[in-house]
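As a plain string of letters, each chain reads:
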Amino acid sequence: MSDAESNIDPADGTDFQPTAPNTGEEFEPVDVFPDSDDFDLRPGSDSCYKCSTCDTNCPVAEVDDEFPGPKFQGPEQWRLKQADGEHTIDDSVMDCSNCLRCDSACPSGVPLGQMHNTARGEYVSEELNTFSIEYIRNRILANYRTSAWLASKFPRTSSFMMNFGPVRWMMDKVLKVPKERDFPEFATETFQEWWAKQGGATGSRERAREVRERRGEPVDADKKVAYFHGCYSNYNTPEVAKALVNVYEYFGYEVVVPEQKCSGTPMFANGMLADARRHAEVNVSSMSDLVDQGYDAVASCTSCSLALRQEYPELFDIDGIEEVSDNTFESVEYLRIHEDLKGEIEAAEVDGELAAEFGYHAPCHARNQGLERQAVELFGDLEGAEMEDVGDSCSGISGTYGWKSEKYEKSMKIAEDMFEHMEEGTESEVGMTECPTCAMQMEHGTGYDIRHPLELLEAALIEEN
Amino acid sequence: MASVPHIAVIGGGSTGIGIARDLSMRGVDVTLVEQGNLTHGTTGRMHGLLHSGGRYAVADQKSATECIEENRVLRDIASHCVEMTGGLFVKRPEDTEEYFQKKLEGCKECGIPAEVVSREEARQMEPHLAKDIDKAITVPDGAIDPFRLVVANAASAKEHGARIETHTKVTDLLVEDDEVVGIEVEHASGAGKHVHGVEGGTEEIYADYVVNATGAWAGRIGDMAGVDIEVRPSKGVMTIMNIRQVDTVINRCKPKGDADIVVPHETTAILGTTDEEVDDPEDYPEKQWEVDHMIDTLSELVPMLEDARTIRSFWGVRPLYEPPNVGSDDPTDITRDYFLLDHDERDNLQGMTSIVGGKFTTYRMMGEEISDHVCEKFGIDAECRTADVPLPGSEDFSVLRDYMDEFGLRSPIGRRSVERLGSRADEVLKTDGPNPTVCECEGVTRAEVQDAIDQSGSDLNAVRIRTRSSMGNCQGGFCCHRMANELYGEYDELTTREAWDELLQERWKGQRHALWGQQLSQAMLNYAMHAATQNRDNDPADGTPIDFSAFDNGQAVTTGDDAGATDVATDGGQHGD
């Protein structure tokens, strides 16, 4: 029998952070291994005590009995991993939708998102045949920005062709892109084109100064943001991006729209880490320059803000990446921190088409940033609009996940709860969410018109004035 | 001699089992008895290092040479028990250059392949080595699973006709006219596979010769026949880390010292060790400071150990032996060599030889020598074949397979299973029925657990050492009941409960020394779960059988105003309970 008396120094005891990976300050996988494919994430398993909270929060595991779940994908698989170079990542990692529910659900700080992204990257680069349809299809989906850029050159033709029956049938057969889905329409004028017409940053500065003067604020107030609009609000829903600019300028902010590429979200989800890195390098470079000049970064898409805040520093070691991560915010969150948004909303009112009862769905990636109640709390006090939270289920589409024929059914099954709550919980046929692909899924399942909180904010604060 | 002699071997550690295999392969009749399960003593409490001999290359070159020879043999005959990780002797700035050179020379003199690598090269191999190390020497150290090795030796001995009895304690030596003629044993259960709750009883096993291979316990067996065997047991602590911080064996390159080795072992890394003489191999203090001291010291080589998760600690006792005239004060000075004590020559007691001292890595060589000795006595001139014939599981096999297609297993689980089972993988893993994962931490499936139960009976600790089930980071929190469930059916409820309790106790024993940080969280979660779902905070149902049908019907009570009606709540309890 032991007479082991604990001789642990109480001062040492306080070092222990139950919710942080307790791998010590010395350990930084990103620094140790310069190439993201070679991360050794085994130490991340130290924090897992197998409670299975991640598994119970996983929307895929709930509908797919074959899927082994995040506990296996993350801490278990990494702990069992061998360093001999012949160890293979299990192919089930491709069934993970990268919703990252597990990552925020973990009570113990296991870096599940980082583990999944890294494992998937390794699987794709080492196991997936680059000539396979799956690889080609995934690469096309992951590089949506490239397709969207091309399509935006001929927006009307593209919108027509992409939803033209025979074309969709072929895409389903050959590329395994489900014919059930409607491709989003391409805007006839991209946000960037509109922004240039508004005079870009210079125009914004002038307008911001006018507003500050009118609001009685110092004309030289340090209110400036760098807008990361992402691909979707540039090519497909410029009205969201325009709303952001209008709302920010309404509060006297100067907006700049720096050079930017895809945030990388669809690339992480498809294990295309090299592509993601290339894009991240551009984004970090331009964003960190602005952060150095005192700008904060804001994004209207919650997956974009999550990528910049969390996934970048977890996966890449790029100059300035930590500064960008620390200074990036979701666009409404930022205003709630710095402005009296609540007061403004209480005094406002909406009418017209946005005077409606919205079925609000919180995107998983918004949950990861602690923002799942933001829209409901904020607009609860807005006269003319009502917010109905349609529950905490995942929308199931998870970016490109629901855009794969073999995942389509699963994606729809995950969304069943959400569809039901939308249809039963709201009178007006209109929904709201921050995430562009959640919006696609909501529309696809219910036929509702889906809006972004910035659009409602714009209607409440500006259009009535 | 006309008939085949019958040899009794006492001790089911690596030495005893090596002797049993060797003798039985030479056609000799062997009975081996072990007081616990296989590896119960020192063998199950080692750090899993397959020595290259590098550790002894300066101070004990005879041992070093034996080590490198046997290192090569075991890689060949026990390939499914060995992982050739390679090893490094790491020199820190405060360690002397003189010793570093001696080590290098020593290795060369003993035929141990050794190369000097720079700090950069060493850190490229092992990124978590301290940034300020000087340089290192590479040697062919490896990792070896002592459990798997002993179990495979036992299986081979059985194939050659040996009788292996575990949970069988020697209570006396049978001595007639200054000759040992057998042993008296007490079985914890009936002969054969261990089955909990079965009356055991005593047995007298007569033998033509007795081999005492009980290591640190050798003196006790000697006492039974009035001979004095001066084993000097020395304890050492080992701590198991949750994950492998290093994939190479890391040794500190300095003369003898505590806490100077990290061995990657399966999913974990084992830190070792200390060296302190004890009086009783079964009763000695286990102190927290020994663990703390070891982690602190090894953090000088691998800084991240300081904050990494430990899952348990255990102590082992070395069966050191020193000829009576040497008299070393410090146990670290006692030779690691082995000695064959023929009690006829030494004590005028015929019929018994003891083997003491030695190391795990040279277990086979020790077995060969004592088997030669025994065979010589009986005029048997059969050749030793243990260095040439692979152990069961180590026949030709490849771990690179399509696990999902062949066994329906997820990649890392299939890989780990095949590594553990070696050439037995097909036989064990190809099952018709469903094959769920029983132990998630170590990737052990039902098929493997069932195979172990077939081998060892109702002893779940024996299942554990065969499969690694319950040896991962939750330390059985999530799988002990599943393992017990695998027993049920073939064994009744009481047998199952007893085995389950024993497994939980064993798992707790080592975790007591790791109760801080994450493992404390783990232990608390395990406790809460086991308390809430298995009543383990109170009185687990392990006494009398439970009448489950009593729960189904509730209690019928006649009430005053509605005679005949029962007042039973929907949960089966009584209203107002």
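Within every chain, residues take consecutive numbers counted from 1 along the sequence as written. Key to labels: chains lettered from A, ligands numbered from 1, both in the order written. Totals for whole chains, interfaces and linings use every residue, but because this is a predicted model, local features are given only for residues with pLDDT of at least 70 and side-chain atom pairs only at 80 or more, for both listing and counting.

J.: Pulling in residues and values, what's your account of the overall build of chain A?
T.: The secondary structure content of chain A amounts to 26 helices and 8 strands. Scaling as 2.2 N^0.38, a compact globule of 465 residues should have a C-alpha radius of gyration of about 23 Å, and chain A matches this with 23 Å. Counting other C-beta atoms within 10 Å of a residue's C-beta gives its exposure: the residue is buried at 20 or more, exposed at 12 or fewer, and partly exposed in between, where C-beta atoms are placed from the backbone. When each of the 465 residues of chain A is scored for burial, the buried share is 52%. Each residue is represented by a C-beta atom placed from its backbone, and any two residues with such atoms within 7 Å are regarded as in contact. A sequence separation of at least 24 residues applies to 76% of the contacts in chain A between residues at least 6 apart. Counting from the N terminus, the helices are the DSSP runs of H or I reaching at least four residues and the strands are the DSSP runs of E reaching at least two. Radius of gyration here is computed from C-alpha atoms only, and the compact-globule reference equals 2.2 Å multiplied by the residue count raised to the power 0.38.

J.: Kindly report on the overall build of chain B, identifying the contributing residues and their values.
T.: Per the secondary structure count, chain B includes 18 helices and 23 strands. Looking at chain B as a whole, 55% of its 577 residues are labelled buried. When contacts within chain B are restricted to residue pairs at least 6 apart in sequence, long-range pairs at least 24 apart make up 69% of them.

J.: A description of the domain arrangement of chain B should follow, citing residues and the corresponding values.
T.: Residues and elements named next belong to chain B. Start and end points for every domain follow an automatic or database-based domain assignment. By the assigned domains, chain B splits into domain 1 (6-41 + 147-230 + 336-377), domain 2 (82-143 + 233-321), domain 3 (431-534) and domain 4 (547-577). With 8 residues of domain 1 in contact, the opposing surface of domain 2 contributes 6 residues. When its residues are assigned to classes, the side of domain 1 that touches domain 2 shows 5 nonpolar, 2 polar and 1 charged. Under the convention adopted here, Pro, Cys and the residues Ala, Val, Leu, Ile, Met, Phe, Trp and Tyr are nonpolar, Asp, Glu, Lys and Arg are charged, and Gly plus all remaining residues are polar.

J.: Just give me the short version of the domain arrangement of chain A, but keep the residues and values in it.
T.: All names here are of chain A. Per the domain assignment, the segments of chain A are domain 1 (26-126), domain 2 (191-338) and domain 3 (341-463). Computed over C-alpha atoms only, the centres of domain 1 and domain 2 are separated by 30 Å. Listed as interface residues are 14 residues of domain 1 and, on the opposing side, 12 residues of domain 2. Secondary structure elements with two or more residues in the side of domain 1 that touches domain 2: α2 (29-32) and α7 (112-126). Take the side of domain 1 that touches domain 2: its biggest share by element is 7 residues, from α7. A class-by-class count of the residues in the side of domain 1 that touches domain 2 yields 5 nonpolar, 6 polar and 3 charged.

J.: Report on unusual backbone geometry, specifying residues and quantitative values.
T.: Geometrically, the link from Gly272 of chain B to Thr273 of chain B is a cis peptide bond, its omega value of -25 degrees lying close to zero. The topology assignment puts Thr273 of chain B in the loop between β17 (268-272) and β18 (276-277).

J.: Please give an account of the pairing of strand β5 (residues 87-91) of chain B that cites residues and values.
T.: Residue and element names in this part refer to chain B. Judged by how many residues are buried, β5 sits mostly within the fold: 5 of 5 residues are covered. Burial of β5 is two-sided: the residues Gly87, Phe89 and Lys91 facing one way and the residues Leu88 and Val90 facing the other way are all buried. Whether two strands pair comes down to DSSP finding at least two bridges between them. Bridge analysis of β5 against strand β7 (residues 135-139) gives 5 bridges, and the strand direction is antiparallel. Opposite Lys91, over in β7, you have Lys135 as the bridge partner. Relative to strand β15 (residues 249-252), β5 runs parallel, the two sharing 4 bridges. Within β15, the position partnered with Phe89 by the bridge is Asn251.

J.: Give me the interface of chain A and chain B: which residues, what numbers.
T.: Interface size, as often reported, equals the accessible area lost upon joining of the parts. Every contact between the two is made by 38 residues of chain A and, on the other side, 39 residues of chain B. No other element matches helix α5 (residues 70-80) of chain A, which puts 4 residues into the side of chain A that touches chain B. Residues that form the side of chain A that touches chain B fall into these classes: 14 nonpolar, 13 polar and 11 charged.

J.: Talk me through the sheet that holds strand β10 (residues 168-176) of chain B; I want residue IDs and the actual numbers.
T.: All names here are of chain B. Strands sit in the order β10-β11-β12 across an open sheet of 3 strands; the sheet is antiparallel. Of all strands in the sheet, those bounded by a partner on one side alone are β10 and β12 (201-206). Adjacent strand axes in the sheet meet at a mean angle of 25 degrees when their direction is disregarded. Note that strand β11 (residues 179-187) and β12 share 6 bridges and pair antiparallel. Along β12, the bridge assignment pairs Glu186 with Thr202. Lines are fitted to the C-alpha atoms to define the axes, a helix being fitted only along its stretch in contact, and any angle between axes, read from their N-to-C directions, falls within 0 to 180 degrees.

J.: Quick one: what's the story with the environment of Leu461 of chain A, residue by residue and with numbers?
T.: Residues and elements named next belong to chain A. Mapped onto the fold, Leu461 is located in helix α26 (residues 453-463). For Leu461, a count of 20 C-beta atoms within 10 Å puts it in the buried group. On a C-alpha basis, the gap between Leu461 and Glu349 in space is 8.1 Å, while along the polypeptide they are 112 residues apart. Sequence-distant contacts of Leu461, defined by excluding residues within four places in its chain, comprise Val247, Tyr250, Glu344 and Ala348.

J.: Before we move on, can you summarise the packing of helix α24 (residues 405-425) of chain A against helix α25 (residues 436-446) of chain A with the specific residues and values?
T.: All names here are of chain A. Direction vectors running N to C along α24 and α25 enclose 65 degrees, while the axes themselves pass 10 Å from each other. With respect to α25, the element α24 is oriented roughly perpendicular. The hand of the α24/α25 crossing is right-handed. Within the contact between the two elements, α24 uses Ala415, Phe419, Met422 and Glu423 and α25 uses Gln441, Met442, Gly445 and Thr446. For the contact of α24 with α25, the per-class residue count stands at 4 nonpolar, 3 polar and 1 charged. Any angle that falls under 35 degrees is termed roughly parallel, while one over 145 is termed roughly antiparallel, one within 65 to 115 roughly perpendicular, and all others oblique. Crossings are classed by handedness, with left-handed meaning an anticlockwise turn of the near helix from the far one by less than a right angle and right-handed meaning a clockwise turn.

J.: Run through the sheet that holds strand β13 (residues 209-212) of chain B, naming residues and quoting values.
T.: All names here are of chain B. The 6 strands are arranged β9-β2-β1-β13-β21-β20 in an open sheet whose pairing can be described as mixed. Pairing within the sheet leaves two strands with one partner each, and these edge strands are β9 (163-165) and β20 (338-342). Here the strands of the sheet are splayed against their neighbours by 15 degrees on average, with no regard to which way each runs. Two elements, strand β1 (residues 6-10) and strand β2 (residues 29-33), share 5 bridges in a ladder whose sense is parallel. By the bridge assignment, Ile7 is partnered in β2 with Val30.

J.: Mind laying out the confidence of the model for chain A, listing which residues take part and the relevant values?
T.: Should the pLDDT be low somewhere, the predicted coordinates at that spot are not to be read in detail. Residue and element names in this part refer to chain A. Residues at a pLDDT of 70 or more form 91% of chain A, whose mean pLDDT is 90. Confidence scores here are pLDDT values: one per residue, from the predictor, ranging 0 to 100. Counted against residues more than four places away or in other chains, residues 1-14, with its pLDDT under 50, gives 16 contacts. Scored below 50 in pLDDT, residues 31-37 makes 17 contacts in the model with residues more than four places away or belonging to other chains.

J.: So, helix α2 (residues 61-77) of chain B: which residues are in play, and what are the values?
T.: Helical periodicity: at 3.6 residues per turn, an α-helix aligns residues three or four positions apart in one direction. Residues and elements named next belong to chain B. Spanning 17 residues, α2 covers 24 Å between terminal C-alpha atoms, matching the ideal 24 Å at 1.5 Å per step. Taken residue by residue, α2 has Ser63, Ala64, Glu66, Cys67, Ile68, Glu70, Asn71, Leu74 and Ile77 as its buried positions. Buried residues belonging to α2 abut β3 (49-50), β4 (82-83), α3 (97-109), β8 (142-144) and α9 (363-377). What a helix is expected to span follows from its residue count: subtract one and scale by 1.5 Å.

J.: I'd love a proper account of the packing of helix α1 (residues 14-25) of chain B against α9 of chain B, names of residues and values included.
T.: All names here are of chain B. The contact between α1 and α9 brings their axes to 8 Å, and the two run at 50 degrees. Comparing the axis directions of α1 and α9 gives the class oblique. Along this stretch, α1 crosses α9, giving a crossing that reads as right-handed. Contacts from Ser14, Thr15, Gly18, Ile19, Arg21, Asp22 and Leu23 of α1 reach α9 at Tyr363, Arg364, Met366, Gly367, Glu368, Ile370, Ser371 and Val374. Taken together, the residues that form the contact of α1 with α9 break down as 6 nonpolar, 5 polar and 4 charged.

J.: Go over the pairing of β17 of chain B with me, naming the residues and quoting the values.
T.: All names here are of chain B. Burial analysis of β17 places 5 of its 5 residues in the buried class, which makes it a mostly covered element. Pairing geometry for strand β14 (residues 231-241) and β17, over 4 bridges, is antiparallel. Bridge pairing in β17 links Ile240 to Ile270. Between strand β16 (residues 261-265) and β17, which pair antiparallel in sequence order, lie 2 residues; one of them, Glu266, sits at a positive phi of approximately 55 degrees.

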